[in-house]
Amino acid sequence: MNSQDSSQRGSWGSKIAFILAASGSAIGLGNIWRFPMEVSKNGGAVFVLIYVLAVALIGFPVMLAEVTIGRHTQKNPVGAFKHLKPNGPWKLIGYLGIITGIFILSFYSVVAGWAASYLVKTASGAFRGDLTKQISDSLFTEFTSNPSQVLLFFIVVLGITTFIVSKGIKGGIEKWTKVLMPLLFILLIFLAVRAITLPGASEGISYYLKPDFSKLNSTVILFAVGQAFFSLSLGMGTMITYGSYISKSDNLVSDAGWVSFSDTLIAIFAGLIIFPTLFAFQGSPGEVQGEGLVFQVFSLIFAKIPGGYIFGVLFFTLLLVAAITSTISLLEVPVAYLIDERRWSRKKAAMLMGLCAFILGIPSALSTGAVKFFTEIGFLGKMNFYFGNIALAAGALLICIFLAYVWRVKNALKEIAIGCSRFRLKPLWAFSMMFLSPIAIIIILYFIKTIR
Ligand code: TRP
């Protein structure tokens, strides 16, 4: 087996390790920062409903496609497509993924840096006592428009990520996820209970869970599908790369199922904290729809609950860890490529790619008030839209087309059958790969052009 040949590559240490590491990749700012923000921009509960459908009908099938390609080829995305189809342009899908990954890493690390700074702020007692919505908002703006602060935390996050990736996949990722993800989940449940029992929370709950179908339109669908790819770490080869470290005895269907399920659950709980709290404090989802939503709202809830200090510190610690297990997975894709295809050392690859992400991330870091030019463009938001929605959707589309029409569903099914004797959703999955997912994504990409 290839992965054993090359000591640089490494593989998962145990059977459940893939689920842990892939959930670590999937669960992150996408669930807790991006999901509630998209909900508030796209009509509330109706977005949530479409999102869940998008995960089930498109997200999960694409995840299964990626891990199947990964395990079959035991390679990074470029190597994987090259292996399955040596001639023709298909390996470009891999390159697209690598480029997308570095761009996502660049702005993602900026937001992860905000989480780091909120950890420090919370720990130093900034959010105790009579915090109001206004104060909480202005604390956020004050911080994000301070260039040296934002850059400092951005560098810290990228530095930690680069360090862990340079140490290799096994020791690096598994350890973190094993304990901390379940802990994050428990904390979220606890906070959700607190949030929905706040006075005035009920309107927030119905905003979040009772769909208003008059708000349904193509934009909502577009962003829901984009969010599904982003949150599940799909469309750029992360799951191909992680899948390449899965052992042949693993059941790919249940692996992909568990990762999709736990990721969705975490996102749903995050919203169940944010919206009731938001409504309890200001009566509507009103003005706050921007990138600060989660930071502003969570600091409020910690100011109001007994033991809020401890919970706040714990929450931002876990959010930061969740973010870093995701940045690791973003960096791992280009690094795996450089190790496999270019014979670079892991350390050199990690350092150089980390540096690229840093340079690319500077405009994003300075676009929330620090530098007027970038702020006016809304640089971070633009990166989030173009790479977090469009590039991922395009990547996922190409992966579906490749699997269904070049590699062929029957060959993929052979790989899936190793470790999974009965794949009950087989026809549904084949249908999604061949028709539903590609057609849906093509329609969506078409509409993106017309709305922007
Ligand atoms: N899914 C992660 C999150 O929700 C972010 C992420 C990690 C990602 N790797 C990815 C997104 C690959 C797209 C592609 O926080």
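Structure's up top.
A few points on the structure.

**Describing the overall build of the protein chain**
- When helices and strands are counted, the protein chain shows 19 helices and zero strands.
- For 452 residues, the compact-globule formula gives about 22 Å, and the C-alpha radius of gyration of the protein chain, at 21 Å, lands near that figure.
- Principal-axis analysis of the C-alpha atoms places the extent of the protein chain at approximately 60 × 45 × 40 Å.
- Counting the 452 residues in the protein chain, one finds 58% classified as buried.
- For the protein chain, restricting intrachain contacts to residue pairs at least 6 apart in sequence, the fraction spanning at least 24 positions comes to 84%.
- Surface summary for the protein chain: the accessible area is close to 16,900 Å², and the carbon and sulfur share equals 68%.
- Across the protein chain, the centroid of the 36 positively charged side chains sits 9 Å from that of the 19 negatively charged ones.

**Overview of helix α14 (residues 293–304)**
- Given a rise of 1.5 Å per residue, twelve residues ought to cover 16 Å, and the 17 Å separating the end C-alpha atoms of α14 matches this to within 8%.
- For α14, the buried fraction is high: eleven of the twelve residues fall into the buried class.
- Residues of α14 that are buried include every one of L293, V294, F295, Q296, V297, F298, S299, L300, I301, F302 and A303, and no others.

**Some details on a nonpolar patch on the surface**
- Residues Y405, F431, F435, I439, I443, Y446 and F447 make up a contiguous nonpolar surface patch of roughly 670 Å² in combined accessible area.
- Examining the composition of the nonpolar patch, we find that six residues originate from one element, helix α19 (residues 426–451), more than from any other.
- When you line up the elements, I443 lands in helix α19.
- For I443, a relative accessible area of 43% puts it in the partly exposed group.

**Focus: the nonpolar core**
- With 159 residues, the main nonpolar core has F298 and W429 as its most contacted residues.
- Ignoring anything within four residues of it in the chain, the contact list for F298 reads I32, L191, I273, I274, F315 and F316.

Analysis parameters
- Residues numbered from 1 in each chain as written.
- Predicted model: local features only at pLDDT ≥ 70, side-chain atom pairs only at ≥ 80, totals over all residues.
- Heavy atoms only, no water.
- Helix = DSSP H or I, 4+ residues; strand = E, 2+ residues; numbered from the N terminus.
- Rg over C-alpha atoms; globule rule 2.2 N^0.38 Å.
- Buried < 20%, exposed > 50% of the residue type's maximum accessible area, 1.4 Å probe, protein only.
- Contact = heavy atoms within 4.5 Å.
- Areas by Shrake-Rupley, 256 points an atom, 1.4 Å probe, with all protein chains shown as cover.
- Lys, Arg positive; Asp, Glu negative; His and termini not counted.
- Charge placed at Lys NZ, Arg CZ, Asp CG, Glu CD.
- Expected span 1.5 Å × (residues − 1).
- Patch = residues over 30% accessible without salt bridge, like charges linked within 9 Å, V, L, I, M, F, W, Y side chains within 5 Å.
- Salt bridge = Lys/Arg side-chain N within 4 Å of Asp/Glu carboxyl O.
- Core = buried A, V, L, I, M, F, W, Y, C linked by side-chain atoms within 4.5 Å.

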